Amino acid sequence: MSHLLRTSRVFAWLFLTGLSVAVIVTSGFYLYLRPGLPPVAQLLEIELQTPLRIYSEDMRLIAEFGEKRRTPITIEQIPTIQLQAFMAAEDARFYEHFGVDIRGLARAAIELISTGEIQSGGSTITMQVAKNYFLSRDRTFIRKFNEILLALQIERELEKNRIFELYLNKIYLGNRAYGIAAAAHVYYDKPVNELSLAQMAMLAGLPKAPSAYNPLADPERARVRRDWILGRMKELGYITPDAYDLAVNAPLTATYNARETEVDADYVAEMARVELVQRFGENAYTEGYSVILTVNSEEQQAATDALRDGLEAYDRRHGFRGPIGQIDEETLENSELSDLMLNYPRVESLLPAVVTAVDDKSGRVQVHVRRLGKAIMPFDTMVWAKRYKTEDLTGPEPKKPSDVVARGDVVYVRAMQETVLPPVGEPSPEEEADTQAATATPTEPVRVALTQVPKVEGALISLAVDTGAIQALAGGYSFKQSKFNRAIQANRQPGSTFKPFLYLAALESGKTPASVYNDAPIVFDSSELGTAWRPQNSSGRFSGPTTLREALYSSRNLVSIRLLRDIGIERTLNYLEQLRIPTDNMPNNLSLSLGSGLLSPMELARGMAVIANGGYDVEPYLIKAIRDSNDKLVYRAPEVILCDQNCDELVTNETGLKTADSMVADDQPDAQPEPRIMRRLADERSVYIMHSMMRDVINRGTGQRAQVLGRSDLSGKTGTTNEQRDTWFAGFNHQLATTVWVGFDQPAPLGRGEYGASTALPIWIDYMEVALEGIPPALMPRPNNIVNIRIDPDTGQRVRPGEEGTFEIFKEENAPAPLTQEDERLGDGSGSAEGLSRQIF
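Residues numbered from 1 in each chain as written. Predicted model: local features only at pLDDT ≥ 70, side-chain atom pairs only at ≥ 80, totals over all residues. Heavy atoms only, no water.

### Examining the overall build of the chain
- Along its length, the chain carries 27 helices and 24 strands.
- With 841 residues in all, the chain has 52% of them scored as buried.
- Intrachain contacts of the chain at a sequence separation of at least 6 include 71% that bridge at least 24 residues. (Helix = DSSP H or I, 4+ residues; strand = E, 2+ residues; numbered from the N terminus. Buried < 20%, exposed > 50% of the residue type's maximum accessible area, 1.4 Å probe, protein only. Contact = heavy atoms within 4.5 Å.)

Below is the structure:
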């Protein structure tokens, strides 16, 4: 008995010693690790990494930037049954334990011993919050001990619902989806509160292994996990047996649903992204900013479509450059065509396809299209495909399909009927297979049309003239093909679209639309330009004495040269600087009159907007507002005020509050940002006359094609440079100014017969038809001290009583003098010797 007692005492002593050592070690770890643990309050300050989203002015999604898809959500927005699904899967006693669940750990250990796998997690939800927010994923004892200590600390300082909410917003659920709201969209394209019980259980099974239990990657394994969770929910009393039976028999409905952009505006999105990174650094991608732009979704889509259609139309006029690739017969016979097509990228709506059969008798070509499968290409979609030789020369019109393509040719095609195309991008092989399976057995073969990716490029910019807000912008055919934004980065010669600025300078210096200059050959020797220069009109013809109005709408180069020589190069350059048109790349010689300087399409569009709004400064801007992840306004674009005089008094707004750079201060949420004061840059009467002269470009001149819009308020100017290297159309009414440029990135001739009126103007028309739909005519109001006088269009002078003439508008002080009795007797109103000199020389 004494031996048993002694043995008991030894074991008791050993137990107490071991327990003491454990307590001492645990206490030591706690004292060692505790100072390095982050404060729980930091949890409430952590911003969940939420992507940057760019929206149009009417809140259509344009783009999303950031690696993580996340939409923060409150626990009140999540159905109770969804919460119970996560508890069943991860932590059934979440509302009962103090952060560490001893029973849960024991159950996990039993599961591991009995099945070799842990079905229910050993870590509590609180421990996972500690790990996800603060700790690394290293599998070490120190990290696990930190996790337990943090969980205990979190439980002491935060409510259970707040902990659960943090968990559901942070967890990774596969396919770049972080948080329950993002996962509901990615897998089911639904908000959380619309998910079925089976779908809720499926999402609850993902935190344990987002890849292994992913319903897209391994549907069967995901089903097993889902059904186990449903069984656990029934066991815990969360659902009834009937609900369980219904859910376990539900089919898998998960599909991949990337958040679709609603507007095709990649160049605009990139401009906004760059500006956000400049403002907020790399945090722009993770702090959930929502950026609202000035562009309207309908107008922006119209701009993108109009530019692409116009560039494709030019490309077709100059012929088919041939296949983009060739697949030999052996490869064609022995390879999977879908795999072969993966080597050729999709370009916007253009899809690569390989020709599998050519039937001249039926006029049909069989092709295999990437992501669409088998399709038919009728010959009538190929008749445009004369063989390209040069920009000025094509081969004969094809008579049969074999004149254009052969078996094994890889070409670009476009679906003709309503075919739902997958989102632009490079899909995974699984997505590619799914898409082709869906289109493999259509009721009738998909019909496609032959096309090709244009080599020519272009840009379109549309500005609200009173504010400078960018209404639409397209910087090229395809951003994915070329990220070079020609709208703001390309410096090109404006050609004759520069002339309105020259003519406006002339009007400001006392010239009138009736001033006459000679449209006749002229030669400048080396004493003026360094070499002999014999400028020509684009037509090669000359009209003799010509009024400035006619010279502008007919785009007479020789008149513009004489006009610049008359008013002076330096004076003109100074006037351009007054209009805030860059002159760094402008020549200091008479070629300036023909637009030989360099401007970006945006710079030219801005200059035209100055004319369009009546002569006020314009500062283009793109971002209307920025909101943070809590929907709090952090930036708004300032009000734009057009000012004629006493402008400095308007710098402080009516409330007397200012905010730097229009950022909204926390302590001044109602403060209005300092307004943009747009001062007058040009005399309103001169601008009004310029509107009238530029309307004649459309009514009588090189822009007559725009009459198809059926509007009376449009003014504009075509432009074409030497050898048709750059072609333009810039036009406006009193509300909207739009400029289009077309050319090659590496300047090269566009071909004979290609002018601004044939390349850029059709694009402008297609866009403006949408942008101005339903908008009443907007003409600049007539200023005071403008007079109408009947003149002789040949001389620019008043006509004698009883003679026919045309009415012209003048500033009151520049109107032709009334005829004297001597003038009427002689019948000669031809003007002074100075005017005659201009006509002749």
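Following the structure, the description resumes.
### Details of the sheet that holds strand β12 (residues 457-464)
- Judged by pairing direction, the sheet is antiparallel, and its five strands sit side by side in the order β13-β12-β22-β21-β20 without closing on themselves. Where the open sheet ends on each side, the last strands, each with one partner, are β13 (470-474) and β20 (715-720). For this sheet, the mean angle separating the axes of adjacent strands, direction not counted, is 5°.
- The pairing of strand β21 (residues 726-732) with strand β22 (residues 736-743) spans seven bridges and is antiparallel. From the neighbouring strand, Trp728 faces β22, where its bridge partner is Trp741. (Pairing = 2+ DSSP bridges. Axes fitted to C-alpha atoms, helices over the stretch in contact; angles between N-to-C directions.)

### Quick notes on a negative patch on the surface
- A cluster of acidic side chains, namely Asp58, Glu298, Asp305, Asp309, Asp766, Glu769 and Glu773, defines a negative patch on the protein surface.
- Those elements giving two or more residues to the negative patch turn out to be α13 (297-317) and α25 (756-771).
- Here Asp766 lies in helix α25. (Patch = residues over 30% accessible without salt bridge, like charges linked within 9 Å, V, L, I, M, F, W, Y side chains within 5 Å. Areas by Shrake-Rupley, 256 points an atom, 1.4 Å probe, with all protein chains shown as cover. Salt bridge = Lys/Arg side-chain N within 4 Å of Asp/Glu carboxyl O. Lys, Arg positive; Asp, Glu negative; His and termini not counted. Charge placed at Lys NZ, Arg CZ, Asp CG, Glu CD.)

### Points about α25
- Along its length, α25 shows its largest kink, about 25°, at Pro762.
- Those residues of α25 lying buried are Gly756, Ser758, Thr759, Ala760, Leu761, Ile763, Trp764, Ile765, Tyr767, Met768 and Ala771.
- Buried positions along α25 lie against α13, β12, β13, β20, β21 and β22. (Bend = angle between axes of the 7 residues up to and from the residue.)

### Quick notes on the nonpolar core
- By size, the foremost hydrophobic cluster in this structure holds 95 residues, and its most contacted members are Leu293 and Tyr503.
- With eight residues, the top contributor of residues to this core is helix α23 (residues 601-612).
- Setting aside its immediate chain neighbours within four residues, Leu293 contacts Ile54, Tyr55, Ser56, Glu57, Ile62, Val268, Ala272, Leu622, Ile623 and Lys624.
- Among the nonpolar cores identified, the runner-up in size contains 52 residues, and Ile73, Ala89, Leu206 and Ala250 belong to it. (Core = buried A, V, L, I, M, F, W, Y, C linked by side-chain atoms within 4.5 Å.)

### Considering the packing of aromatic side chains
- Applying the stated criterion across every chain yields a total of twelve aromatic pairs.
- Ring centres of Phe94 and Phe164 lie 5.1 Å apart, and the angle between their planes is 55°; this geometry places the pair in the tilted category. Residue Phe94 is located in the loop between α3 (80-90) and α4 (102-115), and its partner Phe164 is located in helix α7 (residues 160-170); the two are separated by 70 residues in the primary sequence. Assigned by exposure class, Phe94 and Phe164 land together as buried.
- Joined through ring pairs, the aromatic side chains of Phe86, Phe94, Tyr95, Phe164 and Tyr167 make up one cluster. (Phe/Tyr/Trp six-rings, centres within 6.5 Å; stacked < 30°, edge-to-face > 60°.)

### With respect to the packing of α3 against α7
- Axis separation between α3 and α7 bottoms out at 12 Å; the angle between their running directions is 85°. By the criterion of interaxial angle, the relationship of α3 to α7 is roughly perpendicular. Contacts between α3 and α7 involve Leu83, Phe86, Met87 and Glu90 from the first element and Phe164, Tyr167 and Leu168 from the second. (Parallel < 35°, antiparallel > 145°, perpendicular 65-115°, else oblique.)

### Describing the sheet that holds strand β17 (residues 633-636)
- The mixed open sheet is built from five strands, whose spatial order is β2-β1-β3-β16-β17. At either margin of the open sheet sits one strand with a lone partner, and together these are β2 (61-65) and β17. Neighbour to neighbour, the strand axes of the sheet diverge by 15° on average, direction disregarded.
- Note that strand β1 (residues 52-55) and β2 share four bridges and pair antiparallel. Within β2, the position partnered with Tyr55 by the bridge is Leu61.

### Focus: the side chain of Arg226
- Note that Arg226 resides in helix α10 (residues 219-235).
- Within the structure, the side chain of Arg226 is placed 3.0 Å from the side chain of Asp227, a separation counted as a polar contact.
- When residues no more than four places from it in sequence are discounted, the contact partners of Arg226 are Ala198, Ala201, Met202, Ala247, Val248, Ala250, Pro251 and Leu252. (Polar contact = N/O pair within 3.5 Å; in protein donor to acceptor, adjacent residues only side chain to side chain.)

### Quick word on the pairing of strand β6 (residues 364-369)
- In the sheet, strand β5 (residues 351-359) pairs with β6 via six bridges, with the strands oriented antiparallel. Each bridged residue has a counterpart across the sheet, and for Ala353 the counterpart in β6 is Val369.
- Linking two consecutive strands that pair antiparallel, namely β5 and β6, is a turn of four residues; a positive phi of about 70° is found at Gly363 within it.
- Relative to strand β7 (residues 373-378), β6 runs antiparallel, the two sharing six bridges. By the bridge assignment for β7, Val369 is matched with Gly373.

### Digging into the pairing of β20
- With five of six residues buried, β20 is to be regarded as a mostly interior element.
- As paired elements, β20 and β21 share six bridges and run antiparallel to each other. If you follow Gly719 over to β21, its bridge partner there is Trp728.
- Hairpin connection between β20 and β21: a loop of five residues separates the two successive antiparallel strands, and Glu723 in this loop has a positive phi of roughly 60°.

### So, the environment of Arg562
- Its place among the elements puts Arg562 in helix α21 (residues 557-567).
- Here Asn518 takes part through its backbone oxygen, which lies 2.8 Å from a polar atom of the side chain of Arg562.

### What about the environment of Gln452?
- Within the secondary structure, Gln452 sits in the loop between β11 (446-451) and β12.
- Residues Gln452 and Arg321, spaced 131 residues apart in sequence, show a C-alpha to C-alpha distance of 8.2 Å.
- With residues near it in sequence (within four places) discarded, Gln452 still touches Asp315, Gly319, Phe320, Arg321, Leu350, Trp384 and Tyr412.
- Within the structure, the side chain of Gln452 is placed 2.8 Å from the side chain of Asp315, a separation counted as a polar contact.
- Within the local environment of Gln452, its side chain forms a polar contact with the backbone oxygen of Gly319, the two atoms lying 2.9 Å apart.

### Remarks on helix α8 (residues 180-188)
- Counting buried positions along α8 yields eight of nine residues, so the element is predominantly enclosed.
- Those residues of α8 lying buried are Ile180, Ala181, Ala182, Ala183, Ala184, Val186, Tyr187 and Tyr188.
- Where α8 is buried, its residues contact α3, α7 and α9 (197-204).
- Immediately beyond the C-terminal end of α8, within one or two residues, lies Asp189, with a positive phi of roughly 55°.

### A short note on the packing of α3 against α10
- Packing of α3 against α10 leaves a shortest axis separation of 9 Å and a crossing angle of 105°. With respect to α10, the element α3 is oriented roughly perpendicular. Residues Ile81, Gln84, Ala85, Ala88, Ala89 and Glu90 of α3 lie in contact with α10, whose contacting residues are Arg225, Trp228, Ile229, Arg232 and Met233.
- The residue inventory of the contact of α3 with α10, partitioned by class, reads seven nonpolar, one polar and three charged. (Nonpolar A, V, L, I, M, F, W, Y, C, P; charged D, E, K, R; others polar.)

### Some remarks on the environment of Leu168
- For Leu168, the location among the structural elements is in helix α7.
- Of the residues examined, Leu168 reaches a relative accessible area of 1% and is grouped as buried.

### Points about unusual backbone geometry
- Even without glycine at this site, Met59 takes up a positive phi of about 65°.
- If you check the backbone angles, Gln724 has positive phi at about 55° while not being a glycine.
- Locating Gln724 in the fold gives a position in the loop between β20 and β21.

### Structural notes on the side chain of Gln471
- As for its placement among the helices and strands, Gln471 is situated in strand β13.
- We classify Gln471 as buried; its relative accessible area is 16%.
- When near neighbours in sequence (up to four residues on either side) are disregarded, Gln471 contacts Thr294, Val295, Asn296, Glu299, Gln300, Ser462, Leu463, Ala464, Leu736 and Tyr767.

### Description of the confidence of the model for the chain
- Of the residues in the chain, 80% have a pLDDT of 70 or more, and the chain-wide mean is 84.
- Scored below 50 in pLDDT, residues 138-142 makes four contacts in the model with residues more than four places away or belonging to other chains.
- Of the regions scoring below 50 in pLDDT, residues 653-660 engages in 16 contacts with residues more than four places distant in sequence or in other chains. (pLDDT = per-residue confidence, 0-100.)

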